[in-house]
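# Tertiary structure, described
So the chains spell out like this:
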Amino acid sequence: SGTHGEGLILNTFAHELYHHIQKQSPEKARKLAEFLVQELGYESVEAAVDRQIKKAESAGHGVAYFMEESGLSRSAAERMVYDRAFNDFVADSLETMFTEGDAVSKLQKLKNQDRTLFDMIQDFINKWVKKLREFYSNHSTISIEGDMVV
C-alpha cells in the first residue's frame, strides 16, 4: 500500500474482491490463485504462499505467535498461518495485476478460461463502482478526478 498509504484503496479493493470470491466458491478462489501465478510469472501457488509465510514469520506472526496469543494447537496455528498467507498472496497479486501491465487483457484471458470466475469479479467491480458513485453523489468532491467518478 505504499509507505504513506498510497494505494490503500486498491489494496482494500483487492482484498475484498478475493474474499468475495472465496465466500462464494473456495474452488474459484483457488482457480484465481492459479491464474494469478500463471499471469504474473510466479513459480507456483505453494512457492508464493511459502514466501508470504516467511514474511509473516519475520514480522512475528508465525505459528508460535498464534499458539501463544490465541491458544491454538500447533496444527490449528499452522492452518491459520497458511490461510492468512494464501489470502494475502492472492489479494496482493490481484493488486499487482491491476497496477502493473494490462489488467484488461488479463481479465479478458480469464473470461475465456473461466467465465463464472470472471462474472464474479465483474459483479464485485460493478457493486464497488455503484457504492463509490452513491458516496460521491452525497458528498462534494475536491478534485477533477473526484468529479469524474460522479
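Residues numbered from 1 in each chain as written. Predicted model: local features only at pLDDT ≥ 70, side-chain atom pairs only at ≥ 80, totals over all residues. Heavy atoms only, no water.

Here we come to the side chain of K106. Here K106 shows up in helix 6 (residues 103-113). Among buried charged residues, K106 stands out as having no salt bridge; its nearest opposite-charge side chain is E39, 4.2 Å away. Those residues in contact with K106 that lie beyond four places of it in its chain are F35, E39, L40 and M97. (Helix = DSSP H or I, 4+ residues; strand = E, 2+ residues; numbered from the N terminus. Buried < 20%, exposed > 50% of the residue type's maximum accessible area, 1.4 Å probe, protein only. Lys, Arg positive; Asp, Glu negative; His and termini not counted. Salt bridge = Lys/Arg side-chain N within 4 Å of Asp/Glu carboxyl O. Contact = heavy atoms within 4.5 Å.)

Here we come to the packing of aromatic side chains. Pairs of aromatic rings are described using the distance from one ring centre to the other and the angle between the two planes. In this structure the tally under the stated criterion is nine aromatic pairs. Taken together, Y18, Y42, Y82, F86 and F89 form an aromatic cluster joined through their ring pairs. (Phe/Tyr/Trp six-rings, centres within 6.5 Å; stacked < 30°, edge-to-face > 60°.)

With that out of the way, let us pick up the confidence of the model for the chain. On average, the chain scores 87 in pLDDT, and the residues at 70 or more come to 87%. Here helix 8 (residues 144-149) stands out as the least confident element of the chain, with mean pLDDT 62; helix 3 (residues 45-58) is the most confident, with 94. (pLDDT = per-residue confidence, 0-100.)

To continue, consider the nonpolar core. Of all hydrophobic cores here, the largest spans 33 residues; its most connected members are I21, L32, V49, F86, F89, V90 and L94. Per-element accounting of this core gives the leading share, nine residues, to helix 5 (residues 74-99). The residues contacting F86, other than those within four sequence positions of it, are Y18, R30, A33, V45 and V49. (Core = buried A, V, L, I, M, F, W, Y, C linked by side-chain atoms within 4.5 Å.)

Further remarks concern helix 6. Listed in full, the buried residues belonging to helix 6 are A103, K106, L107 and L110. What you see down the axis of helix 6 is that its buried residues fit within an arc of 100°, all on one side. Opposite the packed face of helix 6, turned more than 90 degrees from it, sit the exposed residues V104 and N112. Contacts from the buried residues of helix 6 go to helix 2 (26-40), helix 5 and helix 7 (115-137). (Arc of directions from axis to C-beta.)

Turning to its location among the elements, S73 is positioned in the loop between helix 4 (63-70) and helix 5. With relative accessibility at 42%, the residue S73 sits in the partly exposed group. The sequence separation of S73 and V63 amounts to 10 residues, and the corresponding C-alpha distance is 9.3 Å.

Time to look at the environment of Y82. Topologically, Y82 is positioned in helix 5. Sequence separation of Y82 and G62 is 20 residues, and the distance between their C-alpha atoms is 9.4 Å. Apart from the residues lying within four places of it in its own chain, the contact partners of Y82 are R30, E46, V49 and I53.

A word on the environment of R84. Mapping R84 onto the fold places it in helix 5. The class for R84 is partly exposed, based on a relative accessible area of 42%. A sequence separation of 32 residues divides R84 from Q52, and the C-alpha atoms of the two residues are 8.7 Å apart.

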